[in-house]
Amino acid sequence: GPGEVPTNAMRFFRTVKKSTKGPEFLDSSRVMVLGLGNASMDNFCGCAKDLSRNFSAKFGAKTHDLSLTCIGKDDDDSAVAWRNQVLQILSSPDDDNNDNDNDNKDTKLTTTTTTTTPKKASVGSKLKVPALSQCSLVFSMDDTEPDQPKQKRQHLGRLQGLNSRLQSHLVERERKGLTPDAPFIATVKSAELLTCDNDLRHVVHLEMSLPEGREGEVAYLPGDAVGIHCPNNCSEVERLLSRLAVNGDSIVTSIKDTSSNDRGGGGGGVRSQLRAQLKKKRSRCLSHISLPISLRDMFLYSLDITSPPKKSLLRLLAHYCEESKDEHELLHLCSRQGKARYDAEIMRPRVPLADVLEKYPSCRPPIAHLVQVLPALLPRYYSITSAPSTHPTEVHIALSIVRFAAKLPDGSSASREGLCSNWLYRQCSTRGLVTNDYLNEQESKLKITDDVKNNNDSSSSSSS
């Protein structure tokens, strides 16, 4: 299960927990734990965190800044940054007896930048922040002639991107069958709101028809999950494009990864094997982007821009701030010292990328580096509620519509909504399968809540 110990590691885990050895057992060792998992899970990398706590409690082991690192699935940049830091530690002389040297080495390790623009060493030099990965992507852009109407340029870019994705899906389907990399197109046959307006949760039952002739290929049992690919919110994409000051109609024709060219030679053994493995993995790191594609469609269909930014992304944004105040605040948010602030200002309010960029107006990240760090837009999974013996040509699911008011650090609230559940409900509403009364009612409730909160704040200010 999520966060649980893998079967092949249970014996080792029990040995660590039951060990009676004292701190002297690992007195001359450094322990570094790397956890890989799905960041959307509540107990993200729970096994790695538990193991790190046990090492610290049982042995009091000397640890480095990398004592615990948790990396989400497909987060190749963080994996490469962690690998580089480990290689730097292994290649440096071991001076465990000199605490001052160790402190200085740790500080240098966590504040080194690898981009072309030099940064002031005084800003955030005492903060322990994630390493900044070098931008290794080069975009080839094709801006359509300006005399063409805007609507025609938009349709041209969108058709090119959709055709490319369709062709790649068809090739993968013929080669592997139906897989997450080669999904099928399902039609929503019917939708029904199962709950009442006064219920705390609002659940929708959807019935989807399988593609004709694909019944035998989609084998499932009740309780299995089906993944649904959904786009980002269009208004959120336009807001982000406007903030980045880029033309959404520009077509990205090719993306070149130069990472293999900026690595030096470096011997054989474990180090060369690590380089070879990561180089192979990097070649697949942008497989979620089908080319050619417009910048608008790239942010709409391929990149996750609504999840709270990870600390590695905040570290990148801090590097491209023109004002030292904005840079220092972002560095503090992504540092170990700013963990509580990161949880309160980013994670709990579920702040999206566009909100962060608007809060720090001097931050101007380049598109290539931003695309390299942003995670892929993954499908949302829902449990299947139908049985193939009864509905051989259909898949039924039940989903909760997620909408809530997130409390911000300044006391105000902001409306948040689940990406896929609300997109599905709006699609069904547009086609007349369900009414839009629920969403309108929820938006009114959230607006009334915000208005009442603002009025109360104004009254309190006047009274004081």
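Here the structure is shown first, and the text comes after it.
Since the structure is predicted, the reported quantities are computational estimates derived from the model, not experimental observations.

J.: Describe the packing of helix α10 (residues 324-333) against helix α11 (residues 339-347), with residues and values.
T.: Between α10 and α11, the least distance of the axes is 8 Å, while the angle of their chain directions is 100°. The pairing of α10 with α11 is recorded here as roughly perpendicular in orientation. Within the contact between the two elements, α10 uses Glu329, His332 and Leu333 and α11 uses Arg341, Tyr342 and Glu345.

J.: Would you mind going over α10 in detail, with residue names and values included?
T.: Those residues of α10 that fall on the buried side of the exposure criterion are Asp326, Glu327, Leu330, Leu331 and Leu333. The buried residues of α10 occupy one face: seen down the axis, they fall within an arc of 160°. Here the buried face of α10 lies against α9 (311-319), α11 and α12 (353-359).

J.: For the packing of aromatic side chains, give the residues involved together with the corresponding values.
T.: In this structure the tally under the stated criterion is 0 aromatic pairs. The ring centre of Tyr342 lies 5.2 Å from the NZ or CZ of Lys311, which sits over that ring.

J.: Can you break down the sheet that holds strand β4 (residues 187-193) residue by residue, with the values?
T.: The pairing of strands in a sheet comes from backbone hydrogen bonds and takes either a parallel or an antiparallel form. Across the sheet, 3 strands lie side by side as β4-β5-β10; this open sheet has antiparallel pairing. Looking at which strands have only one partner, the edges of the open sheet turn out to be β4 and β10 (394-400). Here the average twist between neighbouring strands, direction ignored, is 20°. Bridging between strand β5 (residues 203-209) and β10 involves 7 bridges; their strand directions are antiparallel. Each residue of the ladder has a partner; that of Ser209, found in β10, is Glu394.

J.: For the side chain of Glu345, give the residues involved together with the corresponding values.
T.: Note on placement: Glu345 falls in helix α11. A distance of 3.5 Å separates the side chain of Glu345 from the side chain of Lys359, its partner in a polar contact. Once residues within four sequence positions are removed from consideration, Glu345 is found in contact with Leu333, Val351, Lys359 and Pro409.

J.: Give a description of the pairing of β5 that names residues and reports values.
T.: Burial of β5 is extensive: 6 of the 7 residues sit out of reach of the surface. Where β4 meets β5, 6 bridges bridge the pair, whose relative direction is antiparallel. Along β5, the bridge assignment pairs Val188 with Met208.

J.: Give a detailed account of the sheet that holds strand β8 (residues 293-294), specifying residues and quantitative values.
T.: In space, the 3 strands of this open sheet follow the order β3-β7-β8, with antiparallel pairing throughout. Since the sheet does not close on itself, it has two edges, and those belong to β3 (137-142) and β8, each with one partner. Note: strand β7 (residues 251-257) against β8, 2 bridges, orientation antiparallel. If you follow Ile251 over to β8, its bridge partner there is Ser294.

J.: An account of the pattern of salt bridges is requested, with residue identities and associated values reported.
T.: Under the criterion given, the structure shown has 14 salt bridges. When the shortest N-O distance is used, the salt bridge between Arg239 and Asp355 registers 2.8 Å. Of this pair, Arg239 sits in helix α6 (residues 234-244) while Asp355 sits in helix α12, and the two are 116 residues apart along the sequence. Classification of Asp355 by relative accessible area gives partly exposed; the value is 23%. The structure contains a network of salt bridges with shared partners spanning Glu236, Arg239, Asp355, Glu358 and Arg416.

The rules behind these values
Residues numbered from 1 in each chain as written. Predicted model: local features only at pLDDT ≥ 70, side-chain atom pairs only at ≥ 80, totals over all residues. Heavy atoms only, no water. Axes fitted to C-alpha atoms, helices over the stretch in contact; angles between N-to-C directions. Helix = DSSP H or I, 4+ residues; strand = E, 2+ residues; numbered from the N terminus. Parallel < 35°, antiparallel > 145°, perpendicular 65-115°, else oblique. Contact = heavy atoms within 4.5 Å. Buried < 20%, exposed > 50% of the residue type's maximum accessible area, 1.4 Å probe, protein only. Arc of directions from axis to C-beta. Phe/Tyr/Trp six-rings, centres within 6.5 Å; stacked < 30°, edge-to-face > 60°. Lys NZ or Arg CZ within 6 Å of the ring centre and 35° of its normal. Pairing = 2+ DSSP bridges. Polar contact = N/O pair within 3.5 Å; in protein donor to acceptor, adjacent residues only side chain to side chain. Salt bridge = Lys/Arg side-chain N within 4 Å of Asp/Glu carboxyl O.

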